[in-house]
Amino acid sequence: MPINFHNEQNRLTYAARNADESWKSLIKDTVDVTNKRIADIGCGGGIYTKTLIEMGASHVIGVDFSDEMLKGAANNCKSIQNVTFLQGHAYESSLHTNDIDIILERALIHHLNDLNACFKEAYRILKSGGTFIVQDRTRNDCLLPGDKNHIRGYFFEKFPQLIHKEISRRFDSELVEQALESSGFRLAKTVSLWETRRVYHDFEELNKDLSLRTGRSILHELTDLELQELISFIREKLNGNQVPLIEKDSWTVWFAIKD
């Protein structure tokens, strides 16, 4: 069954880690977030909402369609000032026109059917000269083989039936770029990023993370029995590898400007 983002049990599944230094370095090298008003659309558990404040943003507005996700995000950011959370949609955020300096949409667009509607809403709320950051996995990112770092690749080696589900919801980079430009944005650059997802001190930590399906919506397509079969398969694949296990994911990040 697909993940139910409205289920209270999934409230914290996207709030259980910190943003990686590789992600923070990419953002710092590309756009200055200092004293900027930022919208984190599809904020989930607020991981990047919190990080953007820590990086110097003056205010971050986290927007998500799930009330349960927002509750988890609010809890994750309870010690952080200058954060606001709003229930809204990527197609209709409820934010004011020409009000935001930077928009982040991370791991969002693969949940959507209409890129143009999403990007036009981003264009509406962004100030002139503002930066739009879109991050997601392309079909090429998803189909990279599994190894000691790219754990996700083993999901599709063990259960090839997941491949269609995974790539059917992903967009090619060229399509994203076309949608950005047709929505009025100027594409500044497209970057491939290997982002460290988490470091596990031993396999049992990875086992627990996989068993909880933490932040991995594709694993909700598996039954509990199939999930345990997958974990056993990954254990065999990683046998003999040194610990700690450093899990990384391949992402594509698009930076676009509203001129």
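Residues numbered from 1 in each chain as written. Predicted model: local features only at pLDDT ≥ 70, side-chain atom pairs only at ≥ 80, totals over all residues. Heavy atoms only, no water.

Caption draft 1: Quick peek at the environment of G130. Within the fold, G130 resides in strand β5 (residues 126-136). In this structure the C-alpha to C-alpha distance between G130 and I41, which are 89 residues apart in sequence, comes to 15 Å. Filtering out sequence-adjacent residues up to four positions away, G130 remains in contact with D101, A256, I257 and K258. (Helix = DSSP H or I, 4+ residues; strand = E, 2+ residues; numbered from the N terminus. Contact = heavy atoms within 4.5 Å.)

Caption draft 2: Seen up close, empty space enclosed by the protein. Inspection of every chain in the model, using the stated rule, returns 1 cavity of 30 Å³ or more. Volume-wise, the largest cavity comes out at about 30 Å³. Lining the largest cavity are W23, I27, V33, I38, L52, I102, L104 and I133. Those elements giving two or more residues to the lining of the largest cavity turn out to be α1 (21-30) and β4 (100-106). (1 Å grid on protein atoms, 1.4 Å probe; cavity = no way out; pocket = protein on both sides within 12 Å on 5 of 7 lines; lining within 4 Å. Points joined across faces, edges and corners; volume = space filled by probe spheres on them.)

Caption draft 3: Here's a closer look at the packing of helix α4 (residues 115-125) against helix α8 (residues 173-182). Contact pair α4 / α8: the axes reach a minimum separation of 9 Å and the direction vectors enclose 45°. Put simply, α4 runs oblique to α8. The crossing of α4 and α8 is right-handed. Contacts from L115, N116 and F119 of α4 reach α8 at L175, V176, A179, L180 and S182. Here the residues of the contact of α4 with α8 sort into 6 nonpolar, 2 polar and no charged. (Axes fitted to C-alpha atoms, helices over the stretch in contact; angles between N-to-C directions. Parallel < 35°, antiparallel > 145°, perpendicular 65-115°, else oblique. Left-handed = near helix turned anticlockwise from the far one by under 90°. Nonpolar A, V, L, I, M, F, W, Y, C, P; charged D, E, K, R; others polar.)

Caption draft 4: A look at the pairing of strand β3 (residues 83-87). Pairing between strand β2 (residues 59-64) and β3: 5 bridges, direction parallel. Across the sheet, the residue bridging to G62 is F85, located in β3. Crossover connection from β2 via helix α3 (residues 67-76) to parallel β3: handedness right-handed. (Pairing = 2+ DSSP bridges. Right-handed = clockwise from strand over helix to strand, strands pointing away.)

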